[in-house]
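# Breakdown of the fold
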There are 2 protein chains.
Amino acid sequence: MPVPQEVSLQSGTFALKKDFRISLSGEPDQRILQASTRFLRRLSNRTGLFLKQGYVTDTNFGKGGSLHIHVNRPGEVRLHEDESYTLDISRSGIRVEAETDLGAMHAMETILQLIESGESGYQLPGIEITDSPRFPWRGLMMDVARHFQPIEVIKRNIDGMAAVKMNVLHLHLTDDQGFRVESKSYPVLHQKGSDGQYFTQTELRTIVRYAADRGIRVVPEFDVPGHASSWLAAMPELGSVEGKKSYEIERNAGIFDPTLDPTNEKTYEVLAAVFKEMAEIFTDEYFHIGGDENEGRHWDANKRIQAFKNEKGFKDNHALQNYFNTRLLTHLESYGKRMVGWDEILQPGLPKSAVIQSWRGIDALVNSAQQGYQTFLSNGFYIDLMHTAVNHYKTDPLPDSVSLTDEQRKLILGGEATMWAELVIPHTVDSRIWPRTAAIAERLWSAQDVNDVEDMYRRLEIMSLQLEEHGLLHIASRDQILRKLAGGHDIAPLQTLNNITGPLQRYTRNPGGTMYQSYSPFTLWADAAVADSETARKFDSAVQAYLNDKNAKSGDYIKDQLLIWYENHEALSKIIRVSPMLKEIEGLSEQLMEVSELGMQAVYLFEKNETPDLNWLSEAEKVLKKARLQGGRTELMNVNTIEQIVRSLVKVETGN
Amino acid sequence: MPVPQEVSLQSGTFALKKDFRISLSGEPDQRILQASTRFLRRLSNRTGLFLKQGYVTDTNFGKGGSLHIHVNRPGEVRLHEDESYTLDISRSGIRVEAETDLGAMHAMETILQLIESGESGYQLPGIEITDSPRFPWRGLMMDVARHFQPIEVIKRNIDGMAAVKMNVLHLHLTDDQGFRVESKSYPVLHQKGSDGQYFTQTELRTIVRYAADRGIRVVPEFDVPGHASSWLAAMPELGSVEGKKSYEIERNAGIFDPTLDPTNEKTYEVLAAVFKEMAEIFTDEYFHIGGDENEGRHWDANKRIQAFKNEKGFKDNHALQNYFNTRLLTHLESYGKRMVGWDEILQPGLPKSAVIQSWRGIDALVNSAQQGYQTFLSNGFYIDLMHTAVNHYKTDPLPDSVSLTDEQRKLILGGEATMWAELVIPHTVDSRIWPRTAAIAERLWSAQDVNDVEDMYRRLEIMSLQLEEHGLLHIASRDQILRKLAGGHDIAPLQTLNNITGPLQRYTRNPGGTMYQSYSPFTLWADAAVADSETARKFDSAVQAYLNDKNAKSGDYIKDQLLIWYENHEALSKIIRVSPMLKEIEGLSEQLMEVSELGMQAVYLFEKNETPDLNWLSEAEKVLKKARLQGGRTELMNVNTIEQIVRSLVKVETGN
């Protein structure tokens with residue numbers, strides 16, 4: 001995962017043994033040597049083999065390895081670099097060929113995914129693969145502003161990205177809730193804008209190098225002129241409210257009014273200086289200025305700004321913001337950068353060198369391409385909204401339906417999963433990113449016709465386990481939270497309920513953006529729940545099979561599962577009684593009991609071909625309705641499926 | 001945990017609500033303000049309360065908080081600083097008084113341990129506590145040389161130390177297997193001596209500050225003149241083998257010959273320069289030079305070194321090493337440092353300012369104190385040897401039996417848990433340190449007569465759960481490893497077996513130090529197992545109760561547990577069959593089945609008052625013997641207990 005472009009299975013297998021050795025030829029540089037050493041460690045970890053080769057260094061990479069890697073040249077970590085590779089596994093050995101080491105590193109990830117257990121140990125299947133990405137921009141955006149994510153969180157997520165062949169890490173570095181980089185030109189920005197939580201410049205350089213070592217570009221985002229409370233908490237003189245002496249770092253979520261003053265020359269002076277520092281650290285050609293969701297209220301309220309607007313002949317705030325953007329673009333160009341911004345920066349007169357990240361959707365994307373701008377998609381990839389993986393998997397940045405010329409199609413660079421961080425902390429962010437982002441990675445790498453959802457989920461489960469080797473906590477953090485909530489009691493009943501719940505989707509978990517503050521606890525019930533309930537999915541497909549054929553084997557599975565849910569309430573109630581933090585899910589647990597009882601009854605009726613009476617049906621409606629109530633900011637994920645069993649009884653009746 | 005010196009329970013409780021607020025008076029500095037903010041976050045995490053107070057800063061610490069903290073002055077993070085505090089909790093509020101903020105931070109840890117659930121939410125019991133440590137040096141040594149442990153591992157363990165009121169982090173920074181600090185004077189040392197795995201100087205400063213913010217001193221160790229392979233891999237010219245042009249970083253475990261040349265002036269030049277850099281970074285007064293396990297083979301083999309020894313009139317290599325140490329001491333003193341070393345540095349003529357860390361035992365400790373040296377104990381606290389917590393808990397650095405004057409007693413500063421890292425990696429090290437180190441922390445803080453083992457274990461289990469809030473992986477890493485080993489199958493049968501196994505103790509897991517290399521896989525079966533099997537302990541105490549009284553309730557528990565173990569083999573075998581990594585425990589799983597069957601038979605006989613025949617007994621001996629075989633570098637932890645049931649049958653017989 002992602003599925004390669006061309007795969008051809010061959011006869012025979014390659015047996016993995018402790019004398020496994022890597023050799024390289026062509027122009028291997030330090031990066032591929034280090035990647036080879038990491039590969040050995042991971043192979044060892046996956047197979048338990050005590051490999052004799054410990055390190056691959058420039059003095060020992062020699063010839064004749066079981067895995068031979070040939071690279072023509074070191075790759076450049078930039079857009080449109082060659083990432084292709086071929087992989088040939090036979091009984092006698094493994095051969096990787098790639099134009100660049102970036103392609104070779106992708107090949108190594110593919111090999112690690114192919115390990116299987118055989119008669120006498122681990123092995124690789126005989127196979128020939130020719131592979132390259134469909135899109136050149138396959139990104140993950142991490143918002144480190146709403147909640148800061150320290151460098152070790154970034155690093156382990158970079159490893160996760162590399163494992164699924166993603167190649168752009170976009171860091172959303174500033175927002176109303178925090179200014180997260182050390183500035184040497186204006187240290188007041190991180191001193192007063194971050195609550196002490198920011199990346200030092202050394203750390204930023206480390207991140208850029210760490211990512212580059214894994215073939216990943218890092219694109220920084222400084223979101224201006226809106227989303228600027230943290231800048232203004234440090235430098236109120238840059239704000240658009242005349243004479244306002246102090247701003248506060250924002251603690252809620254939402255869209256706020258504090259905005260940089262586009263008429264103040266000091267604004268440009270500060271931005272130019274900060275961008276210059278950052279342009280040196282972030283060596284990628286692309287530099288993101290945000291530019292979204294500026295509603296201009298503080299501009300409207302400021303007579304001086306309005307006068308400036310009129311004087312310049314700008315017809316609205318969009319035109320004023322375009323003036324602001326264009327000035328920034330001039331600075332960025334002088335540092336050798338291309339400017340990236342969200343949809344809103346696309347205004348008449350925007351130079352064609354700018355790049356549009358679309359949060360609005362495919363129409364906006366297509367519009368940008370038609371106007372000749374490079375663009376990539378994030379709408380549909382908002383992983384913070386807690387939709388299931390299939391939702392993202394079905395989002396294609398370049399569906400057949402769009403009508404674009406070949407030239408325009410090339411402008412659609414790919415997409416980015418966006419991990420907005422209002423409701424996540426370092427301990428939980430992995431469980432929001434993974435494993436779903438692997439499905440997005442596949443959408444952006446694999447061919448358009450790779451879209452078998454069931455097979456995607458099958459592979460996603462395997463991938464999820466493999467991602468743990470990078471120290472990602474997407475699985476482990478759940479039990480850690482449940483252990484805390486259970487206060488020393490057995491967590492099994494909590495797991496049973498949590499596994500069938502999902503956090504409230506879209507923006508409903510945090511009504512008005514004010515239920516949670518940035519310092520609220522984010523290690524409660526909803527934080528343990530994840531978007532994709534494997535249990536719900538398996539239950540649902542069992543039910544589909546059963547409704548099609550009541551003799552299907554899945555009938556027993558369904559009944560067992562319903563009974564487990566039904567009986568769970570009693571065990572869980574005992575724990576809830578002594579753990580005040582769990583009070584919020586008492587209702588939810590009861591709902592699960594009731595709806596499972598309803599399910600059991602419905603299955604019984606279905607099995608016996610019996611028709612329910614109206615009383616029963618009306619009672620069923622009530623139970624189903626109640627089962628949809630949230631508890632602990634989560635909801636049950638099996639209600640629709642149980643409702644389907646109930647509805648099937650009615651259909652049968654109607655059929656009669 | 002650790003148990004305070006004086007505790008007096010009062011009537012009433014203090015209810016925790018979301019308007020909980022901290023106020024401070026006296027001389028609160030930034031450290032205690034930040035600690036207060038961290039306290040709020042942890043309180044929130046533990047109770048689920050959405051506290052209104054988000055941050056405690058120098059502009060809002062005011063008066064009238066529910067928790068009021070009074071500190072007379074900022075503490076200095078140095079040996080013998082005042083760490084005492086008083087804590088008074090009543091219905092109306094909480095008051096902490098402390099001479100220094102270090103004491104106040106200890107009080108905050110105590111409060112977080114006192115949280116209990118009540119009728120209407122969480123609360124604190126009415127209580128009066130007066131507390132101070134028994135010993136001033138309560139340390140954890142982390143070996144980051146054998147396997148490097150990156151900064152995030154160090155940080156989370158510092159948090160763990162603070163939670164149990166430890167105050168010294170000793171970093172073992174260099175050894176045969178790695179030179180783990182950036183040197184600016186001789187960069188070749190980290191460049192060639194570390195495989196690229198070392199702390200930058202910025203990271204070292206960050207560690208020192210992070211620790212100081214939590215009242216913890218950092219003592220660096222540069223182990224010389226032995227344990228020096230990594231120095232010599234970088235600078236072979238400092239070695240004691242005449243003309244040897246290259247050394248290798250060591251990959252095995254053990255005691256090795258490469259030794260710095262004490263007759264070479266360049267050796268002192270390099271050490272003086274490196275120590276000078278490090279003396280500036282590590283601001284603590286104490287500086288550790290190791291000095292252990294130099295067997296002097298390379299000195300003996302070098303005629304020039306022998307001639308030097310004779311010329312100086314040194315009677316043996318110990319005297320030569322003392323010359324070496326004394327020269328280092330002169331440098332260290334000029335940097336304002338006191339020298340610490342392991343037992344071996346104690347030689348005639350060693351200046352009294354030196355400090356002895358005893359790995360040899362209590363006699364060596366007493367000897368050092370009698371000679372007038374400050375000293376502290378590590379023998380008995382070797383947590384890498386995988387003994388159970390009770391072993392360490394029973395080790396007292398100053399038992400009643402020793403005969404020392406009051407003045408000499410004061411020289412016994414305390415002790416240090418030592419986490420040698422031959423067999424641990426970042427992912428597993430927490431599970432070797434915690435929770436056992438909390439028992440050592442209690443030994444070093446609490447009164448000598450706090451030694452109820454059962455109560456210690458009861459509290460240790462609670463503490464273990466609480467330690468997870470710092471991101472420590474001591475619990476989570478186990479399941480992560482088992483998930484990998486199970487390859488997608490249910491891990492329950494693996495847990496059942498793993499929970500009743502412990503890794504081979506002492507140095508038996510790694511025979512000759514050569515079974516494992518530093519790059520071997522350390523995420524296998526033994527790495528998931530931990531030293532203290534809670535399951536084994538509970539089973540054992542149930543059996544003790546039952547053997548005393550066969551009507552004890554624990555009889556059912558014992559039978560259930562034996563049945564679970566007995567039946568586990570079938571389920572586990574299915575997973576082993578498809579996971580080659582688990583082949584190594586096939587025998588162990590079978591042994592558990594057999595010994596549990598034996599246990600069930602023995603319980604049956606015991607219950608019925610039946611006497612076993614000789615055949616059965618001889619068969620039992622065989623089963624018990626086989627059950628003691630290792631599997632996957634672990635052994636079953638319930639064999640002695642089951643043997644006891646068997647033996648009890650024989651006793652009954654003899655009694656008749």
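Residues numbered from 1 in each chain as written. Chains lettered and ligands numbered in written order. Predicted model: local features only at pLDDT ≥ 70, side-chain atom pairs only at ≥ 80, totals over all residues. Heavy atoms only, no water.

### A word on helix H16 (residues 453-467) of chain B
Residues and elements named next belong to chain B. Taking 1.5 Å of rise per residue, 15 residues should cover 21 Å, and H16 covers 20 Å from first to last C-alpha, within 8% of that figure. In this fold, the buried residues of H16 make contact with helix H1 (30-47), helix H2 (101-114), helix H3 (151-163), helix H12 (389-393), helix H15 (436-445) and helix H20 (534-548). For H16, the N-terminal capping position is held by Asp 452, with its side-chain oxygen 3.1 Å away from the main-chain nitrogen of Glu 454. (Helix = DSSP H or I, 4+ residues; strand = E, 2+ residues; numbered from the N terminus. Expected span 1.5 Å × (residues − 1). Contact = heavy atoms within 4.5 Å. Polar contact = N/O pair within 3.5 Å; in protein donor to acceptor, adjacent residues only side chain to side chain.)

### Considering the packing of aromatic side chains
Taken as a whole and assessed by the stated rule, the structure comprises 40 aromatic pairs over all chains. Note on B:Tyr516 and B:Phe522: the rings are 5.2 Å apart at their centroids and 20° apart in plane angle, and the pair reads as stacked. Accessibility classification places B:Tyr516 together with B:Phe522 in one group, the buried group. Between B:Tyr546 and B:Phe606, the ring centres sit 5.2 Å apart and the planes meet at 55°, which makes this aromatic pair tilted. Taken as a pair, B:Tyr546 in helix H20 and B:Phe606 in helix H22 (residues 586-607) lie far apart in primary sequence, 60 residues in all. Like B:Phe606, B:Tyr546 is buried. Through pairs of rings, three or more aromatic residues link up here, namely A:Tyr268, A:Phe308, A:Phe314, A:Tyr323 and A:Phe324. If you follow B:Arg41 out to its NZ or CZ, it ends over the ring of B:Tyr55, 4.8 Å from the centre. (Phe/Tyr/Trp six-rings, centres within 6.5 Å; stacked < 30°, edge-to-face > 60°. Buried < 20%, exposed > 50% of the residue type's maximum accessible area, 1.4 Å probe, protein only. Lys NZ or Arg CZ within 6 Å of the ring centre and 35° of its normal.)

### Some details on the domain arrangement of chain A
All names here are of chain A. Split into domains, chain A comes out as domain 1 (6-131), domain 2 (137-378 + 391-416) and domain 3 (476-654). Averaged C-alpha coordinates put domain 2 and domain 3 at centres separated by 40 Å. Each side of the interface is counted separately: domain 2 has 6 residues, and domain 3 has 9 residues. Summing both partners gives a buried area of about 510 Å² for domain 2 against domain 3, and 48% of it is carried by carbon and sulfur. At the boundary of domain 2 with domain 3, the tally comes to 4 residue pairs in polar contact (both at pLDDT 80 or more). Residues of the side of domain 2 that touches domain 3, tallied by class, amount to 1 nonpolar, 2 polar and 3 charged. (Domains from an automatic or database assignment. Buried area = accessible area lost by both parts, 1.4 Å probe. Nonpolar A, V, L, I, M, F, W, Y, C, P; charged D, E, K, R; others polar.)

### Focus: the relation of the copies chain A and chain B
Once chain A has been moved 0.0 Å along the axis and rotated by 180°, it coincides with chain B to within an RMSD of 0.0 Å. The operation mapping one copy onto its partner corresponds to a two-fold rotation axis. Within chain A, A:Ala476 has its C-alpha nearest the rotation axis, a separation of 2.9 Å. When the interface residues of chain A are mapped onto chain B, 100% of them are again interface residues, pointing to one common binding face. (Least-squares fit on C-alpha atoms with pLDDT ≥ 70 in both.)

### Observations concerning the pairing of strand E13 (residues 338-342) of chain A
Residues and elements named next belong to chain A. Burial runs high along E13: 4 of the 5 residues are buried. Strand direction decides the pairing type here: strand E12 (residues 286-288) and E13, joined by 3 bridges, are parallel. Along E13, the bridge assignment pairs Phe 287 with Met 339. Two strands pair when backbone bridges link them, and E13 and strand E14 (residues 355-358) are joined in this way by 3 bridges, in the parallel orientation. Considered in E14, the bridge of Trp 342 is made with Gln 357. (Pairing = 2+ DSSP bridges.)

### Some words on the pairing of strand E11 (residues 217-222) of chain B
Burial of E11(B) is extensive: 6 of the 6 residues sit out of reach of the surface. Residue alternation in E11(B) divides its side chains into two sets, B:Arg217, B:Val219 and B:Glu221 and B:Val218, B:Pro220 and B:Phe222, and both sets are buried.

### Brief notes about unusual backbone geometry
Cis geometry is adopted by the peptide bond preceding A:Pro2, which originates at A:Met1 and carries an omega value of 0°. Along the chain, A:Pro2 falls in the segment before strand E1 (6-15). Not every positive phi belongs to a glycine, and A:Glu293 is a case in point at roughly 50°. Position of A:Glu293 relative to the elements: it lies in the loop between E12 and helix H8 (297-300). Although it is not a glycine, B:His80 sits at a positive phi angle of roughly 70°. With respect to the secondary-structure elements, B:His80 resides in the loop between strand E3 (67-73) and strand E4 (85-90).

### A look at the packing of helix H14 (residues 426-433) of chain B against helix H17 (residues 476-486) of chain B
Residue and element names in this part refer to chain B. Interaxial distance between H14 and H17 falls to 9 Å at its minimum, and their mutual angle equals 130°. The angle between the axes of H14 and H17 places the two elements in the oblique class. As for how H14 packs across H17, the hand of that crossing is left-handed. Mapping the contact onto sequence places His 427, Thr 428 and Ser 431 in H14 and Ser 477, Gln 480 and Ile 481 in H17. Of the residues contributing to the contact of H14 with H17, the split by class is 1 nonpolar, 5 polar and no charged. (Axes fitted to C-alpha atoms, helices over the stretch in contact; angles between N-to-C directions. Parallel < 35°, antiparallel > 145°, perpendicular 65-115°, else oblique. Left-handed = near helix turned anticlockwise from the far one by under 90°.)

### Describing the pattern of salt bridges
Applying the stated criterion to the full structure yields 81 salt bridges over all chains. One salt bridge in this structure joins B:Arg297 and B:Glu295, with 3.0 Å as the shortest N-O distance. What makes B:Glu295 partly exposed here is its relative accessible area of 44%. When salt bridges that share partners are traced, they join A:Arg73, A:Glu76, A:Arg78, A:Glu81 and A:Glu99 into one network. (Salt bridge = Lys/Arg side-chain N within 4 Å of Asp/Glu carboxyl O.)

### A closer look at the interface of chain A and chain B
Each partner contributes residues to the interface: chain A has 42 residues there, and chain B has 42 residues. Here chain A and chain B share an interface that buries about 3400 Å² over both sides, 61% of which is from carbon and sulfur atoms. The interface formed by chain A and chain B contains 2 salt bridges. In this structure, the salt-bridge partner of A:Glu468 is B:Arg483, at a minimum N-O distance of 2.8 Å. Within the residue set of the side of chain A that touches chain B, elements represented by two or more residues are helix H1 (30-47), strand E7 (121-131) and helix H17 (476-486) of chain A.

### Notes on the packing of H1(B) against H2(B)
How two helices sit against one another is set out by the angle between their axes and by the gap between those axes. All names here are of chain B. Running from N to C, H1 and H2 cross one another at 5°; their axes reach a closest spacing of 11 Å. Between H1 and H2, the angle is such that the two are roughly parallel. Along its contact with H1, which presents Arg 31, Ile 32, Ala 35, Ser 36, Arg 38, Phe 39, Arg 42, Leu 43 and Arg 46, the element H2 presents Asp 101, Leu 102, Ala 104, Met 105, Met 108, Glu 109, Ile 111, Leu 112 and Gln 113. When its residues are assigned to classes, the contact of H1 with H2 shows 10 nonpolar, 2 polar and 6 charged.

### Digging into the nonpolar core
By size, the foremost hydrophobic cluster in this structure holds 101 residues, and its most contacted members are B:Leu169, B:Leu171, B:Trp231, B:Val274 and B:Phe275. Core analysis: the second largest hydrophobic core is formed by 100 residues, A:Met1, A:Val164, A:Ala211 and A:Leu460 among them. (Core = buried A, V, L, I, M, F, W, Y, C linked by side-chain atoms within 4.5 Å.)

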